[in-house]
Amino acid sequence: MAGGGMAPRGVTKERAAEYKGHMTFAVAMACIVAAIGGSIFGYDIGISAKNTRGHLVEVEKQDAEGHRSEHHMDPFLEKFFPVVFRRKNSPTRNNYCKYDNQALSAFTSSLYLAGQVSTLAAAPVTRNYGRRASIICGGISFLIGAALNAAARNLAILIIGRIMLGVGIGFGNQAVPLYLSEMAPAHLRGGLNMMFQLATTLVIFTANMINFGTQKIKPWGWRLSLGLAAAPALLMTIGGILLPETPNSLIERGRVEEGRRVLELIRGTADVDAEFTDMTEASELANAIEHPFRNILERRNRPQLVMAVCMPAFQILTGINSILFYAPVLFQSMGFGASASLYSSMLTGALLLFSTLISIATVDRLGRRKLLISGGIQMIVCQVVVAAILAAKFGADKQLSRSCSIAVVLVICLFMLAFGWSWGPLGWTVPSEIFALETRSAGQSITVAVNLFFTFVIAQAFLSLLCAFKFAIFIFFACWIAVMTAFVHVFLPETKGVPIEEMVLLWSKHRFWKSVVPDMMPLEDGWGPGGDSARAHDSNVHK
């Protein structure tokens with residue numbers, strides 16, 4: 001306590017039943033525009049991954065005399081990675097190891113390292129200047145990166161451009177999910193938050209189509225595909241300027257009356273007393289916390305910290321990269337020839353888009369846990385089946401038969417559907433909705449940093465793992481999916497319908513976490529830490 005007064009305790013009473021309001025046009029438009037922030041991440045996945053790694057599994061057409069035709073990304077490789085270009089055109093016998101090149105993987109992964117650093121820097125910006133400020137910073141950074149990459153004349157400029165793209169993704173992925181979670185009504189928060197993932201999957205599909213559209217423009221088609229990244233970045237920047245700030249952020253920064261006006265606007269009613277009270281109580285505690293990253297390490301924030309680390313890590317460890325790598329090879333084996341990568345991109349993109357829509361429609365009715373557990377079980381089965389077929393029919397110097405390829409593609413389709421309705425969107429949604437206001441920006445930064453770190457690790461190690469494990473790489477990822485499914489069953493409480501500012505009360509009722517978080521005791525105006533926990537709480541709120 002300070003000066004003999006009671007230290008702020010944050011939200012201490014469940015008021016969810018008293019929340020009023022409905023889905024409004026203002027919320028719908030704000031969420032649609034903000035979700036564009038997910039498109040910059042999707043565009044980079046669709047374009048840059050294709051430009052640097054996707055060509056590795058493209059089919060090389062041959063003319064009547066047996067000469068290879070030029071791949072549309074060959075000018076890019078020849079200009080910036082001549083060693084890789086020469087290796088690519090050298091024959092090799094081992095299907096598992098022929099594409100193991102750390103230099104190219106390092107270039108691809110540099111974006112993720114930049115994103116890790118920038119997302120941690122975004123936390124104080126998001127907290128002190130609002131969610132919109134970080135969205136705008138992310139858009140501008142991505143614009144600069146797109147321009148540099150499109151105009152690059154040497155490798156140094158290309159790398160600087162890629163770093164700026166990483167900064168944009170770091171800021172955007174940190175702020176957009178928070179914005180969506182805070183703007184959405186509690187009973188629709190899951191579906192609206194998944195607009196971020198929907199935008200990501202839609203633009204991945206669009207970016208793949210752009211790549212195939214620019215492949216005939218030689219030798220500068222790659223510049224156009226990289227430069228068009230400016231389009232979603234521009235939309236994100238303009239959206240950040242025009243969007244209203246979230247009421248949670250406004251109240252946290254002392255603009256209480258403005259925060260209430262925005263809350264009434266987005267809920268479509270003036271009867272917002274219960275939700276407004278939750279926000280003001282949360283902001284009182286948030287303003288007493290000077291160092292969120294230090295505070296997030298406290299025992300009472302332990303469950304949220306575990307989720308912020310494990311959920312994004314598990315999302316990457318589903319093995320989605322291994323599936324996306326094999327898809328073009330399988331389509332080639334099925335007889336699609338030079339169109340293998342096109343059909344693969346169309347199928348995987350369409351499946352991810354469709355399954356994300358399924359998740360949006362069901363997440364606020366079925367809940368997060370059911371989708372994560374059912375999706376996990378389905379993905380385990382799919383990974384094991386693919387591993388079994390590859391072990392029996394695919395080796396270092398032989399190809400899959402057409403019938404086996406068709407079987408594997410069907411299984412991959414089931415895997416993509418399961419990922420798209422479970423860990424794909426919910427790996428972002430759950431961490432963005434569970435943190436108390438005082439640690440929300442810091443927690444989301446940790447989530448994004450962990451996601452980008454594991455993306456970096458898998459991007460760097462995948463080709464080497466593929467070379468070492470061969471078909472067993474699918475068993476490797478199946479084991480991880482089993483771990484994450486058990487993790488959800490044991491440790492993740494259901495957050496469906498719980499107001500974002502009342503999440504802090506959820507952990508003290510969970511069968512496991514109630515033994516970890518401080519004890520809660522009844523108070524005159526709700527619930528709060530009692531006994532030794534109360535004294536520790538009072539001494540820590542000003543840290």
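Residues numbered from 1 in each chain as written. Predicted model: local features only at pLDDT ≥ 70, side-chain atom pairs only at ≥ 80, totals over all residues. Heavy atoms only, no water.

*Asks:* Just give me the short version of the overall build of the chain, but keep the residues and values in it.
*Replies:* Within the chain, the regular secondary structure consists of 24 helices and 2 strands. Put simply, the chain has 543 residues, and 58% of those count as buried. For the chain, long-range pairs separated by at least 24 residues make up 81% of all intrachain contacts whose partners lie at least 6 apart in sequence. Per element, the accessible surface of the chain, about 20600 Å² overall, is 65% carbon and sulfur. (Helix = DSSP H or I, 4+ residues; strand = E, 2+ residues; numbered from the N terminus. Buried < 20%, exposed > 50% of the residue type's maximum accessible area, 1.4 Å probe, protein only. Contact = heavy atoms within 4.5 Å. Areas by Shrake-Rupley, 256 points an atom, 1.4 Å probe, with all protein chains shown as cover.)

*Asks:* Requested: an account of the nonpolar core, with residues and values cited.
*Replies:* In this structure, Met 307, Phe 415, Met 416 and Trp 423 are the most contacted members of the largest nonpolar core, which totals 58 residues. Mapped onto this core, the elements with two or more residues apiece are helix 16 (302–316), helix 17 (320–336), helix 18 (340–366), helix 19 (368–393), helix 20 (402–421), helix 21 (423–434), helix 22 (440–469) and helix 23 (473–491). Counting residues per element, this core draws most heavily on helix 20, which supplies 12 residues. (Core = buried A, V, L, I, M, F, W, Y, C linked by side-chain atoms within 4.5 Å.)

*Asks:* How would you summarise the packing of aromatic side chains if you had to cite specific residues and measurements?
*Replies:* For the structure shown, the criterion picks out 12 aromatic pairs. On the numbers, 6.1 Å between centres and 90° between planes, the contact of Phe 314 with Trp 423 is edge-to-face. Of this pair, Phe 314 sits in helix 16 while Trp 423 is found in helix 21, placing the two residues 109 residues apart along the sequence. Both residues of the pair, Phe 314 and Trp 423, belong to the buried class. Summarising the aromatic geometry, the rings of Phe 491 and Phe 512 are spaced 4.9 Å apart at their centres and angled 80° between planes, so their arrangement reads as edge-to-face. One end of the pair, Phe 491, is in helix 23; the other, Phe 512, is in the loop between helix 23 and strand 1 (520–523), and 21 residues separate them in sequence. Through a chain of ring-to-ring contacts, the aromatic side chains of Phe 314, Trp 423, Phe 487, Phe 491, Trp 507, Phe 512 and Trp 513 assemble into a single cluster. (Phe/Tyr/Trp six-rings, centres within 6.5 Å; stacked < 30°, edge-to-face > 60°.)

*Asks:* Account for a nonpolar patch on the surface, naming residues and giving values.
*Replies:* A contiguous nonpolar surface patch, about 410 Å² in accessible area, is contributed by Leu 234, Ile 238, Ile 241 and Leu 242. Locating Leu 234 in the fold gives a position in helix 11 (residues 230–242). (Patch = residues over 30% accessible without salt bridge, like charges linked within 9 Å, V, L, I, M, F, W, Y side chains within 5 Å. Salt bridge = Lys/Arg side-chain N within 4 Å of Asp/Glu carboxyl O.)

*Asks:* Residues and numbers for the pattern of salt bridges, please.
*Replies:* This structure, assessed with the given rule, holds 16 salt bridges. Note that Asp 44 and Arg 162 form a salt bridge whose closest N and O atoms lie 3.1 Å from each other. Here Asp 44 is found in helix 2 (residues 37–52), whereas its partner Arg 162 is found in helix 7 (residues 155–183), with 118 residues between them in sequence. Each member of the pair Asp 44 and Arg 162 is classed as buried. In this structure, Arg 440 engages Glu 501 in a salt bridge whose closest nitrogen and oxygen atoms are separated by 2.9 Å. With Arg 440 in helix 22 and Glu 501 in the loop between helix 23 and strand 1, this pair connects stretches of sequence that are 61 residues apart. Relative accessible area serves as the criterion here: at 1%, Arg 440 is assigned to the buried category. Taking relative accessible area as the criterion, Glu 501 reaches 5% and is therefore assigned buried.

Bear in mind that shape data such as this cannot, by itself, settle questions of function.
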